[in-house]
Amino acid sequence: MSEQLRKQINYTVVCVNEFARRFKIDSLTAFEYLKEYKGLAFLDEHYDIEHCLSLDDAIDDLALICSQNGGVLS
């Protein structure tokens with residue numbers, strides 16, 4: 001596994017966990033939600049930009065992307 005891929009996977013795991021923390025859901029539920037509403041695809045496609053942002057900004061972006069794809073969290 002390349003170092004770049006390892007970093008991207010680690011970043012994705014951190015984002016899923018932080019998303020879960022913010023929305024007070026468990027990590028598995030967060031992962032499934034992000035997968036269903038295209039948040040994980042967004043992170044994969046835009047990793048080069050997103051990993052330069054703060055985690056708060058990245059989670060805001062994930063919430064927005066998921067919302068635009070039909071997701072609803074309070």
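As a starting point, this report considers the structure included with it.

Calculation rules
- Residues numbered from 1 in each chain as written.
- Predicted model: local features only at pLDDT ≥ 70, side-chain atom pairs only at ≥ 80, totals over all residues.
- Heavy atoms only, no water.
- Helix = DSSP H or I, 4+ residues; strand = E, 2+ residues; numbered from the N terminus.
- Core = buried A, V, L, I, M, F, W, Y, C linked by side-chain atoms within 4.5 Å.
- Buried < 20%, exposed > 50% of the residue type's maximum accessible area, 1.4 Å probe, protein only.
- Contact = heavy atoms within 4.5 Å.

### As for the environment of threonine 29
Looking at where threonine 29 falls in the secondary structure, it is placed in helix α2 (residues 27-36). Taking the C-alpha atoms as reference points, threonine 29 and phenylalanine 42, 13 residues apart in sequence, are found 18 Å from one another.

### Describing the nonpolar core
Counting residues in each nonpolar core, the largest one holds 19 residues, and the members touching the most others are Tyr11, Cys15, Phe19, Tyr33, Leu34, Ile59 and Leu62. Among the elements of the structure, α1 (3-23), α2, α3 (39-45) and α5 (55-68) are those that each provide at least two residues to this core. Broken down by element, the residue count for this core peaks at six residues, all from α1. Other than its neighbours up to four places away in sequence, tyrosine 33 contacts Phe19, Cys66, Gly71, Val72 and Leu73.

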